Amino acid sequence: MSEKLTFENYSPTRDGLEGIYDIGANDIHSDGVAREIAVAFDYELTSTPDVENLGGLIGKVGQAKELQENIAGVREVLGTDEDAVSIARSWAESSGFLIPVERSFSSAEDVEAVDIDLVVITGGVRNWMERRANRLIELKQERNITEVLLAGGNRTMKVQEGAGVEDNMTEADYMQTVIAPRLGDLGISAEVLRVDSGSGNEVMQAAVDKSKDLVDFNVGHIAVVSNAGAWVQNAGQYLRAVKSTKPVFDMYGSQLEVVSDSFELGTGSEPTSTHQNPFSAAGQIVRNLQEFTRHAY
């Protein structure tokens, strides 16, 4: 198609599987980010995007759950620090990895004028939770929001993650004692769902189960509020969990939207609280490609 595809405008229903490998393709990157990353890591992609095959590439690029742990390996594969920085940054830039969105997850259409019946925010590292809360605060100033659900798992956080994190605190604890009260002070009432699991998929499944009490899946409009770079996987998890029991949900791309913030792309030397490390971005880029593949027709 004539429009250059990025994560910002790619639609699983419009662009399908054939569009996955085109994400990030432009005048400089003629092959798209999937093929470029595969070449860099000496990995063979299937002719048509495949969930299992892309999972193998994730294993090459960034297998660790916390992507920061993959930086050394990515540097080694890409070569010198200077070349590695420029190459990794180009993948993030050409794919639109950090561009903020406020769109239908499935159709990529603008949904800014639609009232939101339920906002869902899930846990993560401290900075991700704070950024998601900040984006919700901005969203509430612009949109009508009826319900807010904060779903946190039992991962034990590290004090080094930042202010407000205490010893032995879980993500659910942080949402309960830090995020929810801050939202409440601004007039945003939020229900906290504590999930006894550290699995993102299981936390999201629990969030979907709770959502049934808060919104009508037949007609409700739901927004997953996430952060730049993580929104594809975050909202995709929610859609998969709903469709496992209600396949017709979001059939026309009008029920599930995803909202994210913007974030600065760094060089690898800045604090992760202020800049996205381009090396850790590489693994998440492939995770996003895999997630969109799960939903492409």
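Worth saying up front: this structure is predicted, and the values here are computed from it rather than measured.

Thresholds applied
- Residue numbering note: each chain is counted from 1, following its sequence as written.
- Where local features are concerned, this predicted model is filtered to residues with pLDDT of at least 70; where side-chain atom pairs are given and counted, the filter is 80 or more; whole-chain, interface and lining totals use all residues.
- Each side-chain value is worked out from all heavy atoms of the structure, with water and hydrogens disregarded.
- Buried residues are those whose accessible area, probed at 1.4 Å on protein chains only, stays under 20% of the maximum for their type, while exposed residues exceed 50% and partly exposed ones sit between those limits.
- Each helix corresponds to a stretch of at least 4 residues labelled H or I by DSSP, and each strand to a stretch of at least 2 residues labelled E; elements are numbered beginning at the N terminus.
- For two strands to be treated as a pair, DSSP must find at least two bridges joining them.
- Here a crossover is taken to be right-handed if, once the strands point away from the viewer, the path from the first strand over the helix to the second is traced clockwise.
- When two rings of Phe, Tyr or Trp (its six-membered ring) have centres within 6.5 Å they constitute a pair, described as stacked for plane angles under 30 degrees, edge-to-face for angles over 60, and tilted for the intermediate range.
- Only the stretch in contact is used when fitting a helix axis, every axis being a line fitted to C-alpha atoms; angles between N-to-C directions are given from 0 to 180 degrees.
- Here roughly perpendicular refers to angles of 65 to 115 degrees, roughly parallel to angles under 35, roughly antiparallel to angles over 145, and oblique to all remaining angles.
- In this scheme the handedness of a crossing depends on how the near helix is turned from the far one: anticlockwise by less than a right angle means left-handed, clockwise means right-handed.
- Contacts: residue pairs with any heavy atoms within 4.5 Å of one another.
- Residues are grouped as follows: Ala, Val, Leu, Ile, Met, Phe, Trp, Tyr, Cys and Pro are nonpolar; Asp, Glu, Lys and Arg are charged; all remaining types, including Gly, are polar.
- Take the residue count of a helix, subtract one, and multiply by 1.5 Å to get its expected span.
- Along the arc lie the directions from the helix axis toward the C-beta atoms.
- Joining through side-chain atoms within 4.5 Å is the link that ties buried Ala, Val, Leu, Ile, Met, Phe, Trp, Tyr and Cys residues into a set, and such a set is a nonpolar core.
- In this analysis, a patch consists of residues with relative accessible area above 30% that form no salt bridge, clustered at 9 Å for like charges and at 5 Å for the nonpolar side chains Val, Leu, Ile, Met, Phe, Trp and Tyr.
- Computed by Shrake-Rupley with a 1.4 Å probe, the accessible areas treat only the displayed protein chains as cover when residues are assessed.
- Any carboxyl oxygen of Asp or Glu that lies within 4 Å of a side-chain nitrogen of Lys or Arg is treated as forming a salt bridge with it.
- His is not counted here, nor are the chain ends, while Lys and Arg score as positive and Asp and Glu score as negative.
- All charge positions are set by atom: Lys at NZ, Arg at CZ, Asp at CG, Glu at CD.

### Things to note about the pairing of strand S2 (residues 116–122)
Then step 1. In terms of residue burial, S2 counts as a mostly covered element, since six of its seven residues are buried.
Then step 2. Summarising the sheet, S2 and strand S3 (residues 145–152) pair through six bridges and their orientation is parallel. Across the sheet, Val-120 pairs through a bridge with Leu-149, a residue of S3.
Then step 3. What joins S2 to S3 is helix H6 (residues 126–142), and the crossover it makes is right-handed.

### A closer look at the packing of aromatic side chains
Then step 1. Per the counting criterion, the structure on display carries five aromatic pairs.
Then step 2. Ring centres 4.7 Å apart and planes at 55° place the aromatic pair Tyr-10 and Phe-292 in the tilted group. Note that Tyr-10 is positioned in the segment before helix H1 (16–20) and Phe-292 in helix H10 (residues 278–295), a separation of 282 residues in sequence.
Then step 3. Since its relative accessible area comes to 0%, Phe-292 is described here as buried.

### What to know about the packing of H6 against helix H7 (residues 171–185)
Then step 1. Between H6 and H7, whose axes approach to 11 Å, the crossing angle comes to 30°. The pairing of H6 with H7 is recorded here as roughly parallel in orientation. Here the hand of the crossing between H6 and H7 comes out right-handed. Of H7, the residues touching H6 (which contributes Arg-126, Met-129, Glu-130, Ala-133, Asn-134, Leu-136 and Ile-137) are Glu-171, Tyr-174, Met-175, Val-178, Ile-179, Arg-182 and Leu-183.
Then step 2. Across the contact of H6 with H7, the residue classes break down as nine nonpolar, one polar and four charged.

### Considering helix H8 (residues 200–211)
Because each turn of an α-helix spans 3.6 residues, side chains separated by three or four positions in sequence point in the same direction.
Then step 1. When the terminal C-alpha atoms of H8 are compared, their 16 Å separation across 12 residues agrees well with the 16 Å that a helix rising 1.5 Å per residue should span.
Then step 2. Among all positions of H8, only Val-203, Met-204, Ala-207, Val-208 and Ser-211 are buried. Looking straight down H8, one finds that the buried residues subtend no more than 140° of arc, so they occupy a single side.
Then step 3. Buried positions along H8 lie against S2, S3, strand S4 (191–194) and helix H9 (231–243).

### Describing the nonpolar core
Among soluble globular proteins, nonpolar side chains are generally buried collectively.
Then step 1. Residues Phe-7, Ile-37, Ile-222, Tyr-238, Leu-289 and Phe-292 are the most contacted members of the largest nonpolar core, which totals 56 residues.
Then step 2. By residue number, the principal contributor to this core is H9, which donates seven residues.
Then step 3. Setting aside residues no more than four positions away along its own chain, Ile-37 makes contact with Leu-57, Val-61, Trp-91, Ala-282, Ile-285 and Val-286.
Then step 4. Membership of the second largest hydrophobic core comes to 24 residues, among which are Leu-150, Met-157, Ala-223 and Val-259.

### Things to note about a negative patch on the surface
Then step 1. Taken together, Glu-109, Asp-110, Glu-112 and Glu-142 make up a surface patch of like negative charges.
Then step 2. Here Asp-110 is to be found in the loop between strand S1 (102–104) and S2.
Then step 3. Judged by its relative accessible area of 56%, Asp-110 falls in the exposed class.

### What to know about the pattern of salt bridges
Then step 1. Taken as a whole, this structure holds 17 salt bridges when the rule is applied.
Then step 2. Among the salt bridges present, the one from Glu-291 reaches Arg-240, with a minimum N-O distance of 2.9 Å. Taken as a pair, Glu-291 in helix H10 and Arg-240 in helix H9 lie far apart in primary sequence, 51 residues in all.
Then step 3. In this structure Arg-240 comes out as partly exposed when scored by relative accessible area, which is 27%.

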